[in-house]
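Fold and geometry: a report
Here is how the chains run, residue by residue.
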Amino acid sequence: METYGKILLIAMPAFLLLVLAEAWYGVWKGKQTVRNLDMISSLSSGITNVTKDVLGLSIAIIGYGWLADKLAIVHIENTILTYVIAFVALDFAGYWVHRLDHEYNFFWNAHIIHHSSEDFNLACALRQSISVVFRLFTIFLLPAALLGVPTMVIAVVAPLHLFAQFWYHTQHINKMGFLEKIIVTPSHHRVHHAINPEYLDKNYGQIFIIWDKLFGTYQEELPDKKPVYGITRPVQTWNPIKINFMHLGLLIKDAWLTKNWNDKFRIWMMPTGWRPADVAEKYPVHKINDVYNMQKYDTKASTSLHVWSWVQITMTLLFISYLFGNIASINALNAYYIYIYGLFIFLSVYAYTDLMDRNKYAIVWEIIKNSLGIAIILQTGDWFGVAALSPVLKYMIGAYFLLSTIVTLWFVMKHAKEDQQVMMVA
Ligand SMILES: [Zn+2]
Ligand SMILES: [Zn+2]
């Protein structure tokens, strides 16, 4: 996790710059594909995902190392070819995991976040899951294990394979000639993120499009069918933590409320979106039927809220950069610290994205987060060893916690007043 933290210290600013560059390119071209709050929501989802991964908060049921140890028939030499095989094997596994994520109710919860944006841009690529605790799908790496690809090689290639899926989340690149036949292009992936009936559940490939052609899930982007992005049951929130557990919440509720005992058990492995008939009738959920007249989720936001949301995400990025750059030394202070730090990051994201939603409980979350922050500073006389850099930093961080509480309170009161006026006019 220390190595991944170091990689992210380089990768995160690079991704952020590319996301912003795409937004500027959109302004310059007069074809804007980015909305500010949606972009902040996407970036925030990325923050929660990398924090969870760096803290190592998921457990592989069967580790790849075990699989390779037990099952390798041949042991290929550690050459360039090994890396190529690992890459293709990961892509094959990726296709199937992705397909199962889409097709089954239970697994969809882990992937809903990636499709939750109703825009399609580079930032969307950063919407990645935090809800997977047990990773079940190492089994799809069986081909790599049989060929004896070393664990180290998989560990190096896996992040590269993931990062290589970033670039094609864009509407600014049209069809790419012969490449369309081999790799996943922006055009292919636009189809994947679209909810038009023709495009739903198509193009699961991650790097190579050949798997979709092989296994019958390929769909070309059609000139007369402009993709409409999102999910058919819109999430209606900017809060990535809520989105991550939304579908699971619905499944638990449905399984609990249905009178049919058979449905209580089978709901989990039914096709995505399936609900027991009795609860579906009694508690309907909003579903988009006419995609071409869909209203994108948006919240009324003043310029000051846009600016403040950027202040909050920038602070959070600074906080995680400090964590990722100092995991070993923070861990050396106390083994629990990194988890407290992780909790603090999650609370931060929860609070400011709730404020973007104009949710009044944002102030409650903000108070919890800032109290935790101030308690840490008072208790330890430091902020996770930051005093070693400069003794004034902890005072600056403490001042930020106070300011953050006051400003959030101001926004919540302002929003309450505005909403009241709207109600009176109505
Ligand atoms: Zn998907
Ligand atoms: Zn995608």
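Going along each chain's sequence as written, the residues are numbered from 1 onward. Whichever chain is written first is A, and whichever ligand is written first is 1; the rest continue in order. Local features in this predicted model are restricted to residues whose pLDDT is 70 or higher, and side-chain atom pairs enter the listing and the counts only when it is 80 or higher, whereas totals over whole chains, interfaces and linings include all residues. Excluded from the side-chain calculation are hydrogens and water; included are all heavy atoms of the structure.

Turning to the pattern of salt bridges, a few remarks are in order. The term salt bridge refers to a pairing of a side-chain nitrogen on Lys or Arg with a carboxyl oxygen on Asp or Glu at a separation within 4 Å. For the structure shown, the criterion picks out 16 salt bridges. Between Arg358 and Asp419 there is a salt bridge whose closest N-O contact spans 3.1 Å. Here Arg358 is found in the loop between helix H16 (337-356) and helix H17 (362-380), whereas its partner Asp419 is found in helix H18 (residues 393-425), with 61 residues between them in sequence. The classification of residues rests on relative accessible area computed with a 1.4 Å probe and restricted to protein chains. Under 20% of the type maximum is buried, over 50% is exposed, and intermediate values are partly exposed. With a relative accessible area of 17%, Arg358 lands in the buried category. On the basis of relative accessible area, Asp419 is assigned to the partly exposed category, the value being 33%. One connected set of salt bridges, linked through shared partners, spans Lys300, Arg358, Lys414, Glu418 and Asp419. Secondary structure elements follow DSSP: runs of H or I of four or more residues count as helices, runs of E of two or more count as strands, with numbering from the N terminus.

Time to look at the coordination of the zinc ion (ligand 1). For Na, K and Ca the donor cut-off is 3.2 Å, while for other metals it is 2.8 Å, and in both cases only N, O and S atoms qualify; water is not among them, so sites may look incomplete. Within the first shell, the zinc ion (ligand 1) binds the protein through His98 (NE2), His102 (NE2), His111 (NE2), His115 (NE2) and His192 (NE2), at distances of 2.1 Å. Each donor residue of the zinc ion (ligand 1) lies on the same chain, and together they follow the pattern H-x3-H-x8-H-x3-H-x76-H. Between the zinc ion (ligand 1) and the zinc ion (ligand 2), a separation of 5.8 Å is found. Here the residue His115 occupies a position in helix H6 (residues 112-115), and His192 occupies one in helix H9 (residues 186-193), the gap between them amounting to 77 residues. Just as His115 is buried, His192 falls in that class too.

A few words now on the coordination of the zinc ion (ligand 2). Surrounding the zinc ion (ligand 2) are the protein donor atoms His114 (NE2), His169 (NE2), His189 (NE2) and His193 (NE2), which sit 2.0 to 2.1 Å from the metal. Coordination at the zinc ion (ligand 2) is irregular: its four donor atoms span angles of 94 to 155° at the metal. In terms of primary sequence, the donors binding the zinc ion (ligand 2) are separated according to H-x54-H-x19-H-x3-H. Between 85 and 135 degrees for all angles marks four donors as tetrahedral; over 155 degrees for opposite donors together with 65 to 115 for all other angles marks four donors as square planar and six as octahedral; every other arrangement is irregular.

A few words now on unusual backbone geometry. Only a minority of non-glycine residues have a phi that is not negative, and only a minority of peptide bonds are not trans. Although it is not a glycine, Asp201 sits at a positive phi angle of roughly 60°. Overall, Asp201 belongs to the partly exposed group, its relative accessible area being 36%. Positive phi outside glycine occurs at Gln236, with the angle close to 55°. Inspection of the secondary structure assignment puts Gln236 in the loop between helix H10 (210-215) and helix H11 (240-257).

Let us now look at the nonpolar core. In this structure, Phe319, Tyr341 and Trp383 are the most contacted members of the largest nonpolar core, which totals 52 residues. Mapped by element, the contributors of at least two residues to this core are helix H1 (2-29), helix H2 (36-54), helix H14 (303-325), helix H15 (327-333), H16, H17 and H18. Per-element tally for this core: the top contributor is H16, with ten residues. Pairs of residues are marked as contacts when any of their non-hydrogen atoms sit within 4.5 Å. Those residues in contact with Tyr341, other than ones at most four positions away along the chain, are Phe319, Tyr322, Leu323, Ile330, Trp383 and Phe384. Ala68, Ala86, Ala145 and Val153 belong to the second-largest nonpolar core, a separate cluster that totals 14 residues. To qualify as a nonpolar core, a set must consist of buried Ala, Val, Leu, Ile, Met, Phe, Trp, Tyr and Cys residues joined through side-chain atoms within 4.5 Å.

Attention shifts here to the packing of H2 against H16. Helices that pack against each other are described as a pair by the angle of their axes relative to one another and the distance between those axes. At their nearest, the axes of H2 and H16 sit 10 Å apart, and the two run at 165° to each other. Put simply, H2 runs roughly antiparallel to H16. Note that H2 runs across H16; the crossing there is left-handed. Residues Leu37, Ile40, Ser41, Ser44, Ile47, Thr48, Thr51 and Lys52 of H2 touch H16, and the partners they reach there are Gly342, Ile345, Phe346, Val349, Tyr352, Thr353 and Met356. In terms of residue class, the contact of H2 with H16 is built from eight nonpolar, six polar and one charged. For every element, the axis is a line fit to its C-alpha atoms; helices are fit only across the contacting stretch, and the angle between N-to-C directions ranges from 0 to 180 degrees. For classification purposes, an angle smaller than 35 degrees is called roughly parallel, one larger than 145 roughly antiparallel, one from 65 to 115 roughly perpendicular, and anything else oblique. A clockwise turn of the near helix away from the far one marks a right-handed crossing, whereas an anticlockwise turn of less than a right angle marks a left-handed crossing. For this classification, Asp, Glu, Lys and Arg are treated as charged, while Ala, Val, Leu, Ile, Met, Phe, Trp, Tyr, Cys and Pro are nonpolar and the rest, including Gly, are polar.

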